[in-house]
Amino acid sequence: MASSISNAPRESHTVHHHELLDITSLKDLPESYAWKGFDRFPMKDSTAPVTIPVIDLADPKAIELIGHACKTWGTFQVTNHGIQKKLLDDVEKASRELFALPMEQKLKVSETAGGLPGYGQARIASCFAQKMWSEGFTVYGSPLEHFRQLWPEDYSKYCDLYEEYEKQMRKLAAKLLWLSLGSLGISKSDIDWAGQTGEFETRSAAIRLNSYPSCPDPDRAVGLAPHTDSSIITILHQSTVGLKVLREETGWVLVPVVPDALVVNVGDFLHILSNGLYPSVTHQVVVNRTQHRLTVAYFYGSPPEVKVSPLSKLVGPCETPLYRSITWQEYLIHKSQDPYSALSKIRSSAPFNGSG
Ligand SMILES: O=C(O)CCC(=O)C(=O)O
Ligand SMILES: [Fe+2]
């Protein structure tokens, strides 16, 4: 794995870590963290009693249910996914330990140090004047050097945990991807970069630990501003609420915590692969006054240098594919320049189904 979600060129933006405050100790919300809504997303919270689908992977109809959820929501939750609760709990605990370290120590492994992944604000932070009420840590490739700095004594324990998490998530992500594409009639032979076993041996994958400390003024603060993920799919572990997804017709919908479920998001690359049939879900994170929320996101992407285009089976004989082909690496550059126009920049024709 040679590139990363977090080390793609930041072109016009630089992150100034010295401006990062230790938000866990603040008793008031500094003005630099106060937001007045989002110009681009004026939608309100949904008043309709709707919630994202929860799909049992052991259900014989899982494939159709996933296809329907991807088409209508671009997100769903899965149960019976095969990931042990203990593993999810252990990773959350390790994440809590990481963010509890003193700021000086976290800054030693900051994202800017050598352009590597590590500690810092979300990628989209550089697109806004206001700061978000969160911190994060991205792992791409081996976390060894960073973990050695963070935990000189027992880093190997954290490395083993991370490795196990990545291994299990990778398997689940491949399974979910084939289910979602299977419902469109796509099989393993339709994607040459999927590898012999269909397990995407040369995928790109990143894990991001997100931390949203309790906030003295949650109504004016933003945990993570609205965005879509660049991944093919994202698998998110949350044990407290805070994630909201956008449903155009109804507004923002809070994603409830369903015991033992994982949240799955359609990312921009599945949107491209599906020729626009599956929308990549716009989501944001809200914060709260009392709880420190931690989440673990697994981003599953195509190999960094493989050109990805809409699957030909999904493009009609007289149609132009909705998007031109692009590598993940190239796409991340567009995304870091302007996360809200990246998809439209590579669009090759007018929308035919209203999504995306
Ligand atoms: O923390 C969450 O609920 C969502 C995190 C997320 O959207 C991301 O890391 O891209
Ligand atoms: Fe996200």
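Residues numbered from 1 in each chain as written. Chains lettered and ligands numbered in written order. Predicted model: local features only at pLDDT ≥ 70, side-chain atom pairs only at ≥ 80, totals over all residues. Heavy atoms only, no water.

As recorded in an unreviewed UniProt entry, the protein goes by gibberellin 3beta-dioxygenase and comes from Rhamnella rubrinervis. As recorded by UniProt, the Sequence similarities (unreviewed entry) comment attached to the protein reads in full: "Belongs to the iron/ascorbate-dependent oxidoreductase family. GA3OX subfamily." Reading the Cofactor (unreviewed entry) entry of the UniProt record for the protein gives the comment "L-ascorbate". (UniProt positions renumbered as here; feature names shortened; annotations may be inferred.)

1. Observations concerning the sheet that holds strand β6 (residues 224-227)
Strands sit in the order β6-β11-β8-β9 across an open sheet of 4 strands; the sheet is antiparallel. For this open sheet the edge positions go to β6 and β9 (251-254), each flanked by a neighbour on one side alone. Neighbour-to-neighbour, the strand axes of the sheet open up by a mean angle of 25°, direction not taken into account. (Pairing = 2+ DSSP bridges. Helix = DSSP H or I, 4+ residues; strand = E, 2+ residues; numbered from the N terminus. Axes fitted to C-alpha atoms, helices over the stretch in contact; angles between N-to-C directions.)

2. Details of the nonpolar core
Among the nonpolar cores identified, the biggest contains 74 residues, and Phe76, Phe137, Phe147, Leu176, Phe200 and Leu270 are the most heavily contacted of them. Broken down by element, the residue count for this core peaks at 14 residues, all from helix α5 (residues 155-182). Not counting residues up to four positions away in its chain, the partners in contact with Leu270 are Leu177, Ser180, Leu181, Ser231, Ile232, Ile233 and Tyr278. Ranked by size, the runner-up nonpolar core spans 35 residues in total, among them Ala34, Cys215, Leu236 and Val245. (Core = buried A, V, L, I, M, F, W, Y, C linked by side-chain atoms within 4.5 Å. Buried < 20%, exposed > 50% of the residue type's maximum accessible area, 1.4 Å probe, protein only. Contact = heavy atoms within 4.5 Å.)

3. Some words on the UniProt feature "domain: Fe2OG dioxygenase" (unreviewed entry) in the protein
Within this structure's numbering, the places UniProt gives as "domain: Fe2OG dioxygenase" (unreviewed entry) are residues 203-302. Across residues 203-302 one finds 6% helix and 45% strand; the C-alpha atoms that close the span lie 5 Å apart.

4. Side note on helix α2 (residues 85-99)
Along its 15 residues, α2 runs 21 Å from first to last C-alpha, staying within 8% of the 21 Å computed at 1.5 Å per residue. All of the buried residues in α2 are Leu87, Leu88, Val91, Glu92, Ala94, Ser95, Leu98 and Phe99. Angularly, the buried residues of α2 cover 160° about the axis, an arc narrow enough to put them on a single face. Relative to its buried face, α2 has exposed residues pointing more than 90 degrees away, namely Lys86 and Lys93. (Expected span 1.5 Å × (residues − 1). Arc of directions from axis to C-beta.)

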